[in-house]
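Residues per chain are reported as follows:
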Amino acid sequence: MTQSSEPRVPAGGDGSPSLDKRRFLLQTGVAAGTLLGAGGWIAAIAASGNAVAATGPVAASVPVTGGGAPTAVPADTQFLTLSQTLTGRSPLDPILARRYLNALSAQDTNFGTQFIALLKFVALSPETGPEVLAATLDRQNSDLGKVLHRIVSAWYTGVVGEGANAQVIAYQGALMFVAVEDVVMPPSYCRAAPFYWTAKPPQVTAHSIPA
Amino acid sequence: MSENRSADIVVIGSGVAGALVASELAQAGASVLMLEAGPRLERWRIVENYRNLPNKDDNQRPYPASKHAPHPEYGPDNNYLVLKGPDASSYSSQYLRVVGGTTWHWAASAWRYLPNDFHMQSVYGVGRDWAISYDDLEPYYYRAEVELGVSGPNDGTDLGSPRKQPYPMDHLPLSYIDQRFSDVLNVNGYKLVSEPVARNSRPYDARPTCCGNNNCMPICPIAAMYSGIVHVAKAERAGTQLIADAVVYRLEVDAHDKIVAAQYFDADGNSQRVTGRYFVLAANALESVKILLMSSTDKWKNGLANSSDQVGRNLMDHPGTGVTFLANETLWPGRGPMEMTSIVDHRDGEFRRDWAAKKLHLNNQVQTRHATLKALAMGLTGPRLEQEIRYRSAHTVNINSFHDILPDPENRMRLSDQKDALGLPRPEITYQIGDYTKRSAVHTHESYAQIAALFGGTEISFDDHFAPNNHLMGSVIMGRDPRDSVVDHECRAHDHDNLFLATSGVMASASSVNCTLTIAALSLHIADTLKRALGKSA
């Protein structure tokens, strides 16, 4: 499914991100406090909301390595990698990742800080699957756990925010539709010939029990 | 501008009723003006609105209300309808003020009423009798089925409404979940049938076969499902002049009680006036009442067509309840159109002396989104999240119902003191659901429990609050006696012989099925009456 078939976000949505326009690099090897500082900086940008989006929202670059030569990875790439870890689905769409990041940042002034903290938590838990990661975080730091679930929720529903603030980032690209795409389609997108529905669909027998 | 300001027929409203009348009359050679309060909307735009909508459950939202002709919105509530009474929330109805009307979004269920529905007082001693019988309407039911394009069970299934011709199209083959429900319920004392629908099972009337977009509500992307816009287009091709954004606020009446003109506000708020020989008020059961009441004069102090004081009274709907559960087998609702079958064993019988008839229907709406919200709320991530989404999507069953309700003069619509942007009064509705309906709903609840048990149901969730089903009836009620009814057997106002009401408001009983096919049949009946009046062959 190509990005061009994604629904257009109405005016006042996330606009047309131009992430390469402004880049801010941070030196690597900084302490956690500085990392949070970087998050605070994202938050400051995010706090100005649509005005930022209108002028091309920012990709903060945050450090990921513990030391050595200065490197920086754009925040949207970080977010993509993080999202793949949290959902267990790879590869995810980088354009959607950028749009989710922008929407999450715009809707919550603390998101930048939390994002950095999540990155750090995940970096300390290599080779751990998404379920154990989530369960561990829910137990150790429920506030940060909520951020994890907010990111997962965005990817699966295609929507960021609630009520009047809800914003559609993806429709047929939402992961909930991907999870069932062998059986049912996103409403309004018919994919098969008439009467396909008479066939017996695949069996699903197992419930999930919360980890 | 070369707009005609006068016509043989002035039709107010462009939904299925008004569009059918306009199409028939224009094709017969009459001059027709059609006034629609709301704007034109393109199908592609409605589809895009839907896809960009965060709350996909809101069927009104893809049709944004216009400022000059608002319709009810509930997410957030625009408070267009002023709702009062013990069951106010059960009349929080949805309808659309746009070109084409409310059948842009509907289940497309195209049922005929039963013969006894027309004689509730005579047969069962409750409610009221219509001024026509099923036999009078039967030929018009068939014509309506041909016009709308109805597919139905041509296999001899008896739906209780005698037919002289087969359905124009055979019914669509059932989805797997509908097949399973048919197999299980029909050997356990229920009567589950494939329901007649205005949805193409083959190419019909230059529209394609349904391919199962599962999006009948709020919009069929490919027009395999009928909507009033089909006959708007036919009416315009036949020469009808449609004026959109024309908010009628007064009908003028002369000294001989004839309607002579309609006054409306145009898109710029200027008052305009059109004249005609015959007027067809087809602005749905509430907006039509509004126009009649706003048109009061010294002689017609209670509003036009209202010497009986019944205009706005006897409001009915089909109060609905529901149940949702997880079946112990894989069913995967959501493959095919949104609704295919109904349970019809309590549509008629001696019980109707004491409690309401009803129809239950299996929801074949795709459950992905609700399943996902539930699975996310459980705190799941990763493979377990997807497993749970699949499980709930495959096992969720949702059944809903329509209950009959008796016409009660105290259930009524008046003009509110609250005004819309043009300064016109909003509809104020007082509504109470009586014991006749409530007794039936208790029985429905028991049926839900039995059905859930037949499918090993878990997480059974009953929704016993009466939901509105947007079938607005009774407000300009039909009857033989001008002292207690608004229109006669021809849907002609008793008080004004050149005024016809083409709306479900004329219906004198609610029955237990969607009212659109009956609206269509009555509208074709009106069209024939008008053709004869104009000397055109009917």
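Procedures and definitions
Residues numbered from 1 in each chain as written. Chains lettered and ligands numbered in written order. Predicted model: local features only at pLDDT ≥ 70, side-chain atom pairs only at ≥ 80, totals over all residues. Heavy atoms only, no water. Helix = DSSP H or I, 4+ residues; strand = E, 2+ residues; numbered from the N terminus. Rg over C-alpha atoms; globule rule 2.2 N^0.38 Å. Buried < 20%, exposed > 50% of the residue type's maximum accessible area, 1.4 Å probe, protein only. Contact = heavy atoms within 4.5 Å. Areas by Shrake-Rupley, 256 points an atom, 1.4 Å probe, with all protein chains shown as cover. Lys, Arg positive; Asp, Glu negative; His and termini not counted. Charge placed at Lys NZ, Arg CZ, Asp CG, Glu CD. Axes fitted to C-alpha atoms, helices over the stretch in contact; angles between N-to-C directions. Parallel < 35°, antiparallel > 145°, perpendicular 65-115°, else oblique. Left-handed = near helix turned anticlockwise from the far one by under 90°. Nonpolar A, V, L, I, M, F, W, Y, C, P; charged D, E, K, R; others polar. Disulfide = S-S within 2.5 Å. pLDDT = per-residue confidence, 0-100. Polar contact = N/O pair within 3.5 Å; in protein donor to acceptor, adjacent residues only side chain to side chain. Pairing = 2+ DSSP bridges.

1. Some remarks on the overall build of chain B
Counting its regular elements, chain B contains 11 helices and 18 strands. Computed over the C-alpha atoms, the radius of gyration of chain B is 23 Å, within 12% of the 24 Å expected from 2.2 N^0.38 for a compact globule of 538 residues. C-alpha extents for chain B along the principal axes are approximately 70 × 50 × 45 Å. The buried share among the 538 residues of chain B stands at 65%. Sequence-distant contacts in chain B: of pairs separated by 6 or more residues, those separated by 24 or more amount to 74%. Split by element, the accessible area of chain B, about 17,700 Å² in all, is 47% carbon and sulfur. A distance of 3 Å separates the average location of the 53 positive side-chain charges in chain B from that of its 62 negative side-chain charges.

2. Some points on the overall build of chain A
Helix and strand content of chain A: 8 helices and 5 strands. Each helix and strand of chain A, placed in order from N terminus to C terminus, yields the pattern β-α-α-β-β-α-α-α-α-α-β-β-α. For chain A, contacts bridging at least 24 residues in sequence account for 63% of all contacts bridging at least 6. Here chain A has roughly 9,800 Å² of accessible surface; of this, 57% comes from carbon and sulfur atoms.

3. So, the packing of helix 4 (residues 94-107) of chain A against helix 7 (residues 142-157) of chain A
All names here are of chain A. Axis separation between helix 4 and helix 7 bottoms out at 11 Å; the angle between their running directions is 130°. The orientation of helix 4 with respect to helix 7, classified from their angle, is oblique. The interaxial crossing formed by helix 4 with helix 7 has right-handed handedness. Of helix 7, the residues touching helix 4 (which contributes Leu-96, Ala-97, Tyr-100 and Leu-104) are Arg-150, Ile-151, Ala-154 and Trp-155. Of the residues that constitute the contact of helix 4 with helix 7, the class distribution is 7 nonpolar, no polar and 1 charged.

4. Focus on the state of the cysteines
Tallying each qualifying case throughout the model produces 1 disulfide over all chains. Disulfide pairing places A:Cys190 opposite B:Cys211 at an S-S distance of 2.1 Å. Looking down the S-S bond of the A:Cys190 and B:Cys211 bridge, the torsion is -100°, so its handedness is left-handed. Here the residue A:Cys190 occupies a position in the segment after helix 8 (175-179), and B:Cys211 occupies one in the loop between strand 6 (192-194) and helix 6 (229-237), the pair thus bridging two chains. Take B:Cys211: its relative accessible area is 8%, and that puts it in the buried class. The structure places no disulfide on B:Cys220, whose sulfur is separated from the nearest cysteine sulfur, that of B:Cys216, by 6.6 Å. Overall, B:Cys220 belongs to the buried group, its relative accessible area being 9%. Looking at B:Cys491, it has no disulfide partner, and the nearest cysteine sulfur is the one in B:Cys515, 13 Å off.

5. A look at the confidence of the model for chain B
When pLDDT is averaged along chain B, the result is 97, and 99% of the positions lie at 70 or above. Interface confidence for the predicted complex, given as ipTM, is 0.94, next to a pTM of 0.90.

6. Describing the side chain of B:Thr503
Residues and elements named next belong to chain B. Counting through the fold element by element, Thr-503 comes out in the loop between strand 18 (499-501) and helix 11 (516-533). For Thr-503, the side chain forms a polar contact with the main-chain nitrogen of Gly-505, separated by 2.8 Å. Once you skip the residues sitting within four places of it in the chain, Thr-503 turns out to touch Leu-281, Asn-284, Ala-285, Ser-288 and Val-476.

7. Observations concerning the sheet that holds strand 16 (residues 425-430) of chain B
Residue and element names in this part refer to chain B. Pairing is mixed in the open sheet, where 3 strands are placed in the order 3-16-15. The two strands at the open ends of the sheet, each matched to only one other strand, are strand 3 (82-84) and strand 15 (412-419). Each strand of the sheet is rotated relative to its neighbour by a mean of 30°, with strand direction disregarded. Bridge analysis of strand 15 against strand 16 gives 5 bridges, and the strand direction is antiparallel. Across the sheet, the residue bridging to Arg-412 is Thr-430, located in strand 16.

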